[in-house]
Amino acid sequence: MRLLMITTGLLLLLAVSCDHPETGSAQKEKFIDSLLSEMTLEEKIGQLTLFTSGWDITGPVLNENYRQDILSGRCGNLFNAHTVAYNRELQRMAVEETRLGIPLLFGYDVIHGHRTIFPIPLAEACSWDPGMVKKTAALSAKEAAASGLNWTFNPMVDIARDPRWGRIAEGSGEDPLLGSLYAHARVEGYQGTDLSDVFTLAACVKHFAVYGAPQAGRDYHVVDLSERTIREVYLPPYKAAVDAGVATVMSSFNEINGVPVTASKAYLTDILRDKWGFKGMVVTDYTSINELIPHGVAEDLKHAGELAFRAGVDMDMQGSVFNDYLAELVNEGVFSEEDVNRAVKRVLALKYDLGLFDDPYRYLDEEREKAVLYSDELMEHALVAARKSMVLLKNEPVNGTPLLPVQQSVKKIALIGPLADNRVDVMGTWHASGDAGKVVTVEEGLRKKFPAASIKVLKGCDFTGNDMSGFRAAISLAGQSDLVILAIGENHQQSGEAASRTCLDLPGVQQQLLEKIHETGTPVVAVVFAGRPLTINWMDEHIPAILYAWHPGTRTGDAVADILSGDCNPSAKLAITFPRNVGQIPVFYNTKNTGRPFNAENKYTSKYLDALNEPLYPFGYGLSYSTFEYGTISPDKNSISAGDSLTVSVTVKNTGKCAGEEIVQCYVRDLVGSVTRPLKELKGFSKISLDPGEEKLVQFTITEDDLRFYDINMEYRAEPGEFRIYVGPHSQVDEYVTFTLNR
Ligand code: BGC
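Residues numbered from 1 in each chain as written. Predicted model: local features only at pLDDT ≥ 70, side-chain atom pairs only at ≥ 80, totals over all residues. Heavy atoms only, no water.

Novice: Teacher, can you tell me more about the sheet that holds strand β4 (residues 151–152) here?
Specialist: The strands making up a sheet associate through hydrogen bonds between their backbones, and the pairing can be parallel or antiparallel. Read across the open sheet, the five strands follow the order β4-β3-β2-β1-β10; overall the sheet is parallel. Edge strands, defined here as strands with exactly one partner in the open sheet, are β4 and β10 (316–317). Pairing between strand β1 (residues 49–52) and strand β2 (residues 77–79): three bridges, direction parallel. Paired with F51 across the strands is L78, a residue of β2. (Pairing = 2+ DSSP bridges. Helix = DSSP H or I, 4+ residues; strand = E, 2+ residues; numbered from the N terminus.)

Shown next, in the form of structure tokens:
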């Protein structure tokens, strides 16, 4: 028998709570039940409460009294607190100075790394490499857990089709299949196979649900979408996270079709628990219970608390509503104490699974913290992930040869732009405790890579404002150089939460700078850093080489230098469509045909007077220094019956001069349905490496399951009829074969 922490109140309980965690679920239940039987209603509600510490601020409201609340048992969980030293003291207070000594959960937004920062999630999505993304999550967990954390508010799996929305940076783009694969991979990466492992974190899938579709791309705005689109496009990644065993779910700020999710039983109970079988704990987003009042569904905080608790919320993040009103609601008979127990059990079960009852200090080891932070495996992976995330959008010849890779013989390089010598912005949004001191800048990376070249660096202008006073020197430097590398784009606050934009052009006067530098006639490579697709038509038209680097994190400069020099052949492809202008938004690949599809000859068809329908760069697009040739698509049959499958094969050959990776994509179109179907839907992809001249056979198997959708009666099934299978390098591929699903 092992004793828990030495607090008087626990001694009674300890007599029954022994020998976990090697025991099974029955003993876990017994332990939790006996602990529960010792708790007052107030202490129970304290376990349903999560407050931010003063360490970091991620929302509008701060409760200054969190220490006092821990001591009084009113606060059982904390977020925005980290480092072993800081969290140890708070844990000590909870364990040694409260009546029952129940340990705290420590949550934090470990979104794309903790101290070592990996590329923003949207960038990593462009790797089309769930294995790599899983490793990012696992290493982020390792570093964060070593820093005293045991819970992350990630993965963020909100599908987004609108780049005006700043939080598009945090997700995996527009596609439900790709999004689901990453959701699954990230949960597995964070949680590993055992939550009590000191190198893992409990994950929290967010923001459930459909937070990524606010009207007009404005953060926190209304979501009003058809049930069919919600089910087919937006819900699959959350479901994938639940299937992967995610420990917690965060209810989102937004309303869906009139009901704020934090008050939605339909989402938090009927879908999440009853339909998907989620057994873990539901936490709200930051004060989202309180926000039920401005939403206009709650009269006051007590009413808000009632709605949220009834809907299925277990834990109140930062709002103090459960703390202040749940006991009253129980005393009035609105809820029973058994209702409260159900929620508390989920919280205690999580603490149990994390091993916190076994050793509340298990994540609080200074030696481990020192050994793990910025360790070689983290720094190495930060480089690998950054290299695999940057998308080469354009590489046209200048004087007969493609501008990239940059030759070692180049003598004078001008590196210009606000991101040239920048450590903070390249880490992107939600870099939380990312350590700018460890960041390799673009300048540092290029100097290491091109030691023989003279590299001169100027900022030229800032991210905001109209100051062009730096232009003259930048233009003059460009004019005297053999090559200009322009490091331009968004700063880390121009995407992310509460960072929606209505204009997606380069911010500030960077476009003017770009045009002036171009006028000098010196060849320009644009390296764009951003948290979202920007509207870069002019750049696409005039600049010969464009590398979209996103916000790549700690190893920014090394990764950019590796790609520009050709030491790394770019392989990423867009996980999100790039619009030509804001007016086209939303523009995404899996759209419908309409009754009047585009026809240039016919005015009365679906088009614009002033822009094409097609985006600037389609979903799935990205270049390599190699070129790839696709053979004909051959299916092994022309028809299948229910339960059957069909395989299509295609050979892909590297016709370039260097080894490279190609992401081969397979899309399906259902030609006639009881409801309209998208023009294309991604059903599979394969990332292959090919030496020059090498050829590989790539195969995709399509089953009846892949053809299912919500039919006219909202039944999820495949309908017999004719289908197309497209295989190619991006979503605008034209080559297809047809097959029939038999009756
Ligand atoms: C964000 C969440 C985040 C939470 C805690 C909120 O404002 O929407 O994504 O997890 O703050 O920091």
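Here the narrative resumes.
Novice: Any chance you could explain the pairing of strand β3 (residues 105–108) here in plain terms?
Specialist: On any regular strand, side chains alternate: one points to one face of the sheet, the next to the other face. Going residue by residue along β3, you find L105 and G107 tucked away on one face and F106 and Y108 tucked away on the opposite face as well. By the bridge criterion, three bridges tie β2 to β3 in an arrangement that is parallel. Counterpart to L78 in the pairing with β3 is F106. At this point the chain moves from β2, through helix α5 (residues 84–97), to the parallel β3, and the crossover so formed is right-handed. (Buried < 20%, exposed > 50% of the residue type's maximum accessible area, 1.4 Å probe, protein only. Right-handed = clockwise from strand over helix to strand, strands pointing away.)

Novice: How should the sheet that holds strand β17 (residues 524–529) be read in this particular structure?
Specialist: If you walk across this open sheet you meet the six strands as β11-β18-β17-β16-β14-β15, and the pairing is mixed. The strands lining the two open edges of the sheet, one partner per strand, are β11 (391–395) and β15 (454–458). Each strand axis lies, on average, 15° off the axis of its neighbour in the sheet, ignoring direction. The pairing of β17 with strand β18 (residues 545–548) spans four bridges and is classified as parallel. (Axes fitted to C-alpha atoms, helices over the stretch in contact; angles between N-to-C directions.)

Novice: Just to check I follow, could you spell out the site of the ligand for this structure?
Specialist: In the vicinity of the ligand there are 14 residues, among which T58, D109, R167, H207 and D285 approach most closely. Interatomic distance of 2.7 Å between a side-chain N/O atom of R167 and an oxygen atom of the ligand. Between the ligand and D285 there is a distance of 2.6 Å, counted from an oxygen atom to a side-chain nitrogen or oxygen. (Near = heavy atom within 4 Å. Polar contact = N/O pair within 3.5 Å; in protein donor to acceptor, adjacent residues only side chain to side chain.)

Novice: How should the domain arrangement of the protein be read in this particular structure?
Specialist: One frequently used descriptor of interface size is the decrease in accessible area upon assembly of the parts. Each assigned domain of the protein is listed with its residue range as follows: domain 1 (1–108 + 336–374), domain 2 (375–584) and domain 3 (628–741). Each of domain 1 and domain 2 has a C-alpha centre, and these two points are 45 Å apart. With seven residues of domain 1 at the interface, the matching set in domain 2 holds ten residues. Counting each side, the surface lost to burial between domain 1 and domain 2 is near 630 Å², with a carbon and sulfur contribution of 60%. (Domains from an automatic or database assignment. Contact = heavy atoms within 4.5 Å. Buried area = accessible area lost by both parts, 1.4 Å probe.)

Novice: Please explain the pairing of strand β16 (residues 483–489) as it appears in this structure.
Specialist: With seven of seven residues buried, β16 is to be regarded as a mostly interior element. Strand direction decides the pairing type here: strand β14 (residues 412–416) and β16, joined by four bridges, are parallel. Paired with I413 across the bridge in β16 is L483. As judged from the six bridges shared by β16 and β17, these two strands associate in the parallel manner. Within the sheet, the bridge partner assigned to L486 lies in β17 and is A526. Following the backbone out of β16, through helix α20 (residues 510–519) and into the adjacent parallel β17, one traces a crossover that is right-handed.

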